[in-house]
Amino acid sequence: MFPKGLVIAVCTGVVSAAMLGIYLDQIASKKQGLEFVEGPSLSVITDKQNYLAGESVQIRIINSGTYPLMFSDNTTKLQIRALDGTTIFSSNIQNSKLDPKQESVFVWNQTKNDGTAVIGGRYVVESGTFTENEQKITDSVTINVLK
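Residues numbered from 1 in each chain as written. Predicted model: local features only at pLDDT ≥ 70, side-chain atom pairs only at ≥ 80, totals over all residues. Heavy atoms only, no water.

Caption draft 1: Region of the structure containing the overall build of the chain. What the chain contains, in helices and strands, is one helix and ten strands. Starting at the N terminus, the α and β elements of the chain follow one another as α-β-β-β-β-β-β-β-β-β-β. When the 147 residues of the chain are sorted by exposure, 30% land in the buried category. A separation threshold of at least 6 residues defines the contact pool for the chain, and within that pool the share at least 24 residues apart is 58%. Working note: accessible area of the chain is about 9,500 Å², and carbon and sulfur atoms make up 55% of it. (Helix = DSSP H or I, 4+ residues; strand = E, 2+ residues; numbered from the N terminus. Buried < 20%, exposed > 50% of the residue type's maximum accessible area, 1.4 Å probe, protein only. Contact = heavy atoms within 4.5 Å. Areas by Shrake-Rupley, 256 points an atom, 1.4 Å probe, with all protein chains shown as cover.)

Caption draft 2: Spatial organisation of the sheet that holds strand β1 (residues 42–46). Taken in spatial order, the three strands line up as β1-β3-β8 in an open sheet, and their pairing is antiparallel. Only two strands of the sheet have a single neighbouring strand rather than two, namely β1 and β8 (103–108). Shown here is a sheet whose adjacent strand axes are inclined to one another by a mean of 20°, direction ignored. Strand direction decides the pairing type here: strand β3 (residues 57–63) and β8, joined by six bridges, are antiparallel. When the sheet's bridge partners are listed, Q58 is paired in β8 with V107. (Pairing = 2+ DSSP bridges. Axes fitted to C-alpha atoms, helices over the stretch in contact; angles between N-to-C directions.)

Caption draft 3: Quick look at the pairing of strand β5 (residues 78–82). When you tally the buried positions in β5, you get four out of five residues, the bulk of the element. Pairing analysis gives four bridges linking β5 to strand β6 (residues 87–91), with the strands arranged antiparallel. Bridged to I80 within β6 is F89. Bridging between β5 and strand β9 (residues 121–130) involves five bridges; their strand directions are antiparallel. Among the inter-strand pairings, I80 is bridged to a residue of β9, identified as V125.

Caption draft 4: Focus on unusual backbone geometry. One non-glycine residue, K101, lies in the positive phi region at around 70°. For K101, the position within the fold is in the loop between β7 (97–98) and β8. Its identity is not glycine, yet Q110 carries a phi of approximately 60°, on the positive side. Among the structural elements, Q110 can be located in the loop between β8 and β9.

Caption draft 5: Summary view of the nonpolar core. One finds I59, I80, I88, W108, Y123, V125 and I143 to be the most contacted residues of the largest nonpolar core, which totals 21 residues. Secondary structure elements with two or more residues in this core: β1, β3, β5, β6, β8, β9 and β10 (136–146). In this structure, W108 is in contact with E55, S56, V57, I59, I80, I88, F89, V118 and I143, ignoring residues within four places of it in sequence. (Core = buried A, V, L, I, M, F, W, Y, C linked by side-chain atoms within 4.5 Å.)

Caption draft 6: Main features of the environment of A82. Among the structural elements, A82 can be located in strand β5. Beyond its immediate sequence surroundings of up to four residues, A82 is in contact with R122 and Y123.

As structure tokens, then:
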């Protein structure tokens, strides 16, 4: 037979671990969620965080605010940078205007602007624009490319 103190300690540990796991799962799901706000807002979301080398990355650029967002033709709307800030890929998104709750989807095939494949590592996916009163709004997400 087991001592009563050991049984209590093991049960307490199991219950505590389960509660901590549920709490951390809720925190992680809140980060993945999209929240719409009053005023101008832009959100960048990828379909997941970790990608195998050569796997397509689906990027959603969403107007998560209540005002239309205008993207001028002479500025880059989507950038993918290495963590040191070096831009490895840039592109324009399909829509030059995003109404509230409207989105533009872009698929990146893990190639640089020069056509070569990226190496494994962490990359920042960023989009930005200016509001009607010239206030810059941006959002970014970090992804991992695994070898």
